Amino acid sequence: PVVSRGVVVAALLFISCGRRPAFTEDDRALVVELAARASAAVEHAEHFQQTRRVSLALQAAMLSAPPTHPGVEVQARYLPAATDLEVGGDWYDAFDLPDGDLAVGVGDVAGHDLSAAATMGQLRSMLRALAYETGDAPSDVVRRLDRVASRLDVTGFTTLLFGRLCRRADRTVFRWANAGHPPPVLVPPDGEPELLRGGVGVVLGVAPDLPRTDREVELPPGATLLLYTDGLFERRNDPDDRASVDLLDLVHRGKELPLSDLCDHLVRGTGADTGDDMVVLALRVHPC
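Residues numbered from 1 in each chain as written. Predicted model: local features only at pLDDT ≥ 70, side-chain atom pairs only at ≥ 80, totals over all residues. Heavy atoms only, no water.

S.K.: Honestly, the overall build of the protein chain in this entry has me stumped. Any pointers?
M.R.: For the protein chain, the helix and strand inventory stands at 5 helices and 13 strands. Against the compact-globule benchmark of 19 Å for 288 residues, the protein chain has a radius of gyration of 25 Å, which places it well outside the compact range. The principal-axis extent of the C-alpha atoms belonging to the protein chain is close to 90 × 45 × 40 Å. Here the protein chain, with 288 residues, has 43% of them falling under the buried criterion. Of all intrachain contacts in the protein chain linking residues separated by at least 6 positions in sequence, the fraction that spans at least 24 positions is 69%. A total accessible area of about 14,400 Å² is found for the protein chain, and carbon and sulfur atoms account for 54% of it. Side-chain charges in the protein chain split into 29 positive and 42 negative, and the spacing between the mean points of these groups amounts to 2 Å. (Helix = DSSP H or I, 4+ residues; strand = E, 2+ residues; numbered from the N terminus. Rg over C-alpha atoms; globule rule 2.2 N^0.38 Å. Buried < 20%, exposed > 50% of the residue type's maximum accessible area, 1.4 Å probe, protein only. Contact = heavy atoms within 4.5 Å. Areas by Shrake-Rupley, 256 points an atom, 1.4 Å probe, with all protein chains shown as cover. Lys, Arg positive; Asp, Glu negative; His and termini not counted. Charge placed at Lys NZ, Arg CZ, Asp CG, Glu CD.)

Here you go:
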């Protein structure tokens, strides 16, 4: 019998015919060993499928669809590193705040397994609660998240970029705080894509009491803002730091595309080779 979790799921049958000699006790011992190995393989496969189902349900529950926000189109893409499990530590989020601003963020928890996904889920939920209830500047929200998560021993090595998109009269402003995360890419309506460098603080879980800083940029009508994780551009061997340059070139070649097509263009055309999770969160400002 082939047994999985105490249940017979199949049987191995060997038939002798013709002039073949009768089976011996050694033959029988071989068959028993084969059945035992088959049982272990089937049980492992069933465990993997159950883990995959749990992973899919967990990921789907935590990576909700972006909201419909007035004057701003939002698109998101997530590609897992472990394709068979379809789960990992990268995440994105976008949600409306009580004052009408749009909160957006991307984060990256080290790891590509259920543990990383569970940590990601806790951090994402805490970030949502802090941003929604406090109304604080992004830097204050990130600092509070770092302190709470560190004291609860939730986070390990985690990067995060969190910001607020504010539309006031005829201006749209993005204000953000960066905890060790790759910088956003701004695509002006009539200009070249650029990395919004500067203001990068330490990752979460290292020095939770350090102050955080905010950066701010105005987004003209037609501008596109790209938030992403390092799986979109990093390479194993990049001594000349070409990865960021090539990312900007990739964005340049797709900047005229509709936002949904731009996201597909980025994840399909990436030169990254680390096999890491990949997240893209794209926002495009429409005229007020």
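Text resumes after the structure shown.
S.K.: Help me out: how do you make sense of the sheet that holds strand 3 (residues 72–79) in this one?
M.R.: Backbone hydrogen bonds are what pair the strands of a sheet, in a parallel or an antiparallel way. Taken in spatial order, the 5 strands line up as 3-13-12-8-9 in an open sheet, and their pairing is antiparallel. If you trace the sheet from one side to the other, it starts and ends with strand 3 and strand 9 (194–195), each paired once. Bridge count for strand 12 (residues 224–228) against strand 13 (residues 278–285) is 5 bridges, and the pairing is antiparallel. By the bridge assignment for strand 13, L226 is matched with A282. Most of the contacts of helix 5 (residues 259–269) go to strand 3, to which it runs at about 25°, and overall it touches strand 3, strand 12 and strand 13. (Pairing = 2+ DSSP bridges. Axes fitted to C-alpha atoms, helices over the stretch in contact; angles between N-to-C directions.)

S.K.: Sorry, what's going on with a nonpolar patch on the surface here?
M.R.: Judged by side-chain polarity, L12, F14, F23, L30 and L34 come together as a nonpolar surface patch covering roughly 450 Å² of accessible area. Topologically, L30 is positioned in helix 1 (residues 25–62). (Patch = residues over 30% accessible without salt bridge, like charges linked within 9 Å, V, L, I, M, F, W, Y side chains within 5 Å. Salt bridge = Lys/Arg side-chain N within 4 Å of Asp/Glu carboxyl O.)

S.K.: What is the right way to look at helix 5 in this model?
M.R.: For an α-helix, the turn length of 3.6 residues means that residues three or four places apart are oriented alike. The complete set of buried residues in helix 5 reads L259, L262, C263, D264, H265, L266 and V267. Summarising the contacts, the buried residues of helix 5 are in contact with strand 3, strand 12, helix 4 (242–254) and strand 13.

S.K.: Is there a simple way to explain the packing of aromatic side chains in this structure?
M.R.: The geometry of two aromatic rings is summed up by the distance between their centres and the angle between their planes. Going through the model one piece at a time under the given rule, you end up with 2 aromatic pairs. A ring pair is formed by F174 and W176, whose centres lie 5.3 Å apart and whose planes are at 10°; its orientation type is stacked. Across this residue pair, the class does not change: F174 and W176 are buried. Seen in terms of ring centroids, Y228 and F233 are 5.8 Å apart; in terms of plane orientation they differ by 85°. Their pairing is edge-to-face. Classification of Y228 as buried rests on a relative accessible area of 3%. (Phe/Tyr/Trp six-rings, centres within 6.5 Å; stacked < 30°, edge-to-face > 60°.)

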